[in-house]
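Spelled out, the chains give:
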Amino acid sequence: MYSEEYIGAKKLDRELNSPDTDLSKWFKDYNGQTLQRIYDPTDSCGPAKRKDIIFYNTEETDVQVVLKTMLDAMIQPLMEADEHREFVITKYELTEQPVKQINENVWLLRVVGGYYSYEGYDLASMEERMPYEPDVKDGMITFMADGSVGASQYILIKYGSVYRLQKAGDMGPFGVEIWN
């Protein structure tokens, strides 16, 4: 499915897109809640690079609707102060998410699409970033996604009626450097 140019493409195909793929192994930590968030309390990253794992049990099949619910569950807690984070989100808006379907139950999210404003320091302050931002909307800037493209990609997996979202790099070497 992917060319040799992709870092982690063979691993991604073997783990998530082969005939003998067992997606159930990715759902061992699911506790049965409709919406479950597993997070690392020391994670200080912004909305585009969270270490959270989100599970969502729903009959919804529109991936954009599913991702919005799951991303909201990941971003909402960032609107509260936390001793491990130097910023608090004051406002955010998700946009349509850039996803690529790998198979009927697996999608690659290139980067979390959206805007935010915050107080504090998320690699820089809002005041420091604002003059350099080419895309500002209602006083918000795009989610910070520094580093390689693969550092901000997520994988969405569906097993039965439960979806699972996690940063690709935290699942294994699945980061895809080139996006077609």
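Right above here is the structure, for reference.
Residues numbered from 1 in each chain as written. Predicted model: local features only at pLDDT ≥ 70, side-chain atom pairs only at ≥ 80, totals over all residues. Heavy atoms only, no water.

*Asks:* Honestly, the sheet that holds strand E2 (residues 53–57) in this entry has me stumped. Any pointers?
*Replies:* Sheets are built from strands that pair by backbone hydrogen bonding, the pairs being arranged parallel or antiparallel. The strand order E1-E2-E10-E9-E5-E4 describes an open sheet built from six strands, whose pairing is antiparallel. Taken across any chain shown, the strands that pair with only one partner, and hence form the sheet edges, are strand E1 (35–38) and strand E4 (99–103). Strand after strand, the sheet turns through a mean of 20 degrees between neighbouring axes, direction not considered. In this structure, E4 lies alongside strand E5 (residues 106–109), joined through four bridges in antiparallel fashion. Residue pairing in the sheet places Val99 in a bridge with Leu109 of E5. Helix-sheet contacts for helix H2 (residues 63–75) involve E1, E2, E4, E5, strand E9 (154–159) and strand E10 (162–167), and the interaxial angle to E2 is about 130 degrees. (Pairing = 2+ DSSP bridges. Helix = DSSP H or I, 4+ residues; strand = E, 2+ residues; numbered from the N terminus. Axes fitted to C-alpha atoms, helices over the stretch in contact; angles between N-to-C directions. Contact = heavy atoms within 4.5 Å.)

*Asks:* Teacher, can you tell me more about the pattern of salt bridges here?
*Replies:* Opposite charge on two side chains makes pairing possible when the charged atoms of those side chains draw close. Inspection of the entire model under this criterion finds six salt bridges. Residue Asp72 pairs with Lys68 through a salt bridge whose shortest N-O separation is 2.8 Å. You can see Asp72 and its partner Lys68 sitting in helix H2, four residues apart, about one turn around the helix. According to the relative accessible area criterion, Asp72 is buried, its value standing at 18%. Lys68 sits in the partly exposed class, given a relative accessible area of 44%. (Salt bridge = Lys/Arg side-chain N within 4 Å of Asp/Glu carboxyl O. Buried < 20%, exposed > 50% of the residue type's maximum accessible area, 1.4 Å probe, protein only.)

*Asks:* I keep staring at the pairing of E9 and nothing clicks. Help me out?
*Replies:* Successive side chains on a regular strand alternate, one facing one side of the sheet and the next facing the other. Counting buried positions over the six residues of E9 gives five, a clear majority of the element. Bridge analysis of E5 against E9 gives four bridges, and the strand direction is antiparallel. Pairing of Val106 across the sheet is with Ile157, part of E9.

Don't take any of this as a statement about function, it's just geometry.
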